[in-house]
Amino acid sequence: MNPDLLLTASLRAARWGAAVTRILAAALDAVDPAAAVHRYLRRDGDLLRAGDRRYDLRDFERVFVVGTGKAGAPMARAAAEVLGDRLAGGVMVVKGYGDGQKLQIAECKLQIEEPNLQSTIYNLQFVEAGHPIPDERGVAGARQIAQLLEQATERDLVIALISGGGSALLTLPPEGITLAELQKLTNILLRCGANINEINTLRKHLDQVKGGGLARLAHPASMITLVLSDVVGSPLDVIASGPTVPDTSSFAEAYAVLERYGVVAEAPTPIVDRLRRGMAGQIAETLKPGDPRLARVHNLIVGSNPQAAAAALAAARKHGFNTLLLTTFLQAEAREAGRMLAAVARELASTGQPLPRPACIIAGGETTVTLRGSGRGGRNQELALAAVPELAGLPDMALIALATDGGDGPTDAAGAVATGATLERARAQGLDPAAYLARNDAYPFFEALGDLLRPGPTETNVNDLVFVFAFKGIA
């Protein structure tokens, strides 16, 4: 990641801005999807290593690559580089960005260079789909993957590449449920503030590829799954709704999510009916631990939020900061998290606790936003906006909230920067942060100040990082 892409007005003006952007860039570089695949998937002739397991490629007739997620394209390219001429085919469903950032889909033509060998591979197809609301392209891509896997035999090896965003991107509704109904449910859940675990519990019971569904389709083939985690704590059955792992949730728990947020009556009737029939045992549950169809599946997490946070801390220490990892389990309303982390900044400014200056404190995780207005923004922008009044007047302090995938909510921003001077600068332009927060309108607030983070799509996704900086003597 080019650190200059992370510069904002406040960071450009500050003597410590360059150091901060290098720290943020180090976090993103540490979870580069292609590098992560290469660390865990290696080939030496006919021997393929996946983590600590070895596979003799002579035991397999064909090797397929399938998968989904925001990091799908670089992960697939890396897997193709490792497999070389053994890649028989594959389909990846990835996020479409538009605005000149579209992937070149159709066929993936990769030059693979090995000793005495140069070949071109045409067998890896990319399908761009919508996120966070599933669309017809995602359904079409899921059907292509299902058709490919249904022909797999016990003599085949399937490599599944899974990353954040896969729950929305890869969608295959069951009989009796339409895409439009799933889209409506997704909108309801996002609006009411349900967290990703709750949303995915529902998705797993309303889809044919989630909750172990991808492994069920691939059975009896052997399967290696490489996972880039975008879920707090990295529970495999939640990441992308667990397409290749046993599901620990139930129809009853899925229905309970609707009850918890009071949206049973608002949810589409066919969805509610399916959940009730599942609770009554009239529909088979998702794949559970011990299911024989999962016996030949090997799952590996290749990148996560703690990995990104650790790299940022290491970079901060190199720049002279005292460092502290506060948590990688941050889950709360974005505005409440913003106020809490700003309180940490105020404590540091007042007492030198929990670290003396210069300090870099990091919190990782994923917050939620309950929509109260019709503004524009995302959870990281809202978190930073809520911190603005609490940071006001604190010298040489900054709070930076960053979505590691480069996109925060339905915007082109990845987050925002708030400093001790933000409130004064806002008031000089007639901007009231409380009013913007009340209508969930963080994007135009920080856009007016030039403090939106806009690195563009990073092609990785390991949740969010929030940085609290207290500066002193940093060159």
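Residues numbered from 1 in each chain as written. Predicted model: local features only at pLDDT ≥ 70, side-chain atom pairs only at ≥ 80, totals over all residues. Heavy atoms only, no water.

Summarise the pattern of salt bridges; cite the residues concerned and give the values.
Taken as a whole and assessed by the stated rule, the structure comprises 26 salt bridges. Taking the shortest distance from any N to any O, the salt bridge between arginine 335 and glutamate 382 comes out at 3.1 Å. With arginine 335 in helix 13 (residues 334–351) and glutamate 382 in helix 14 (residues 379–391), the pair connects residues that are 47 residues apart, well separated along the chain. With respect to burial, arginine 335 and glutamate 382 carry one shared label: buried. Within the structure, one salt-bridge network assembled from shared partners comprises Lys204, Asp237, Asp247, Glu285 and Lys288. (Salt bridge = Lys/Arg side-chain N within 4 Å of Asp/Glu carboxyl O. Helix = DSSP H or I, 4+ residues; strand = E, 2+ residues; numbered from the N terminus. Buried < 20%, exposed > 50% of the residue type's maximum accessible area, 1.4 Å probe, protein only.)

Pulling in residues and values, what's your account of the packing of aromatic side chains?
Counted by the stated rule, this structure contains seven aromatic pairs. With 5.1 Å between their ring centres and 90° between their planes, phenylalanine 445 and phenylalanine 446 make a pair best called edge-to-face. This pair shows no difference in class: phenylalanine 445 is buried, exactly as phenylalanine 446 is. Where phenylalanine 467 meets phenylalanine 469, the ring centres are 5.9 Å apart and the plane angle is 5°; that geometry is what we call stacked. (Phe/Tyr/Trp six-rings, centres within 6.5 Å; stacked < 30°, edge-to-face > 60°.)

With reference to specific residues and values, describe the sheet that holds strand 2 (residues 47–50).
Strand order in the open sheet formed by three strands is 1-2-3, with antiparallel pairing between adjacent strands. Of all strands in the sheet, those bounded by a partner on one side alone are strand 1 (41–44) and strand 3 (53–56). The average angle at which neighbouring strand axes cross in this sheet is 20°, direction not considered. Here strand 1 runs beside strand 2; their pairing, made up of four bridges, is antiparallel. Bridge pairing in strand 2 links arginine 42 to arginine 49. Across the sheet, helix 3 (residues 33–40) lies against strand 1 and strand 2, angled at about 50° from strand 1, the strand it touches most. (Pairing = 2+ DSSP bridges. Axes fitted to C-alpha atoms, helices over the stretch in contact; angles between N-to-C directions. Contact = heavy atoms within 4.5 Å.)

Kindly report on the nonpolar core, identifying the contributing residues and their values.
Of all hydrophobic cores here, the largest spans 63 residues; its most connected members are Leu48, Phe467 and Phe469. Take this core: its biggest share by element is eight residues, from helix 4 (residues 72–83). Those residues in contact with phenylalanine 469 that sit more than four places away from it in its chain are Val20, Ile23, Leu24, Phe321, Ala359, Cys360, Asp396, Met397, Ala398 and Ile400. Residues Ala334, Ala418, Leu437 and Phe446 belong to the second largest nonpolar core, which totals 41 residues. (Core = buried A, V, L, I, M, F, W, Y, C linked by side-chain atoms within 4.5 Å.)

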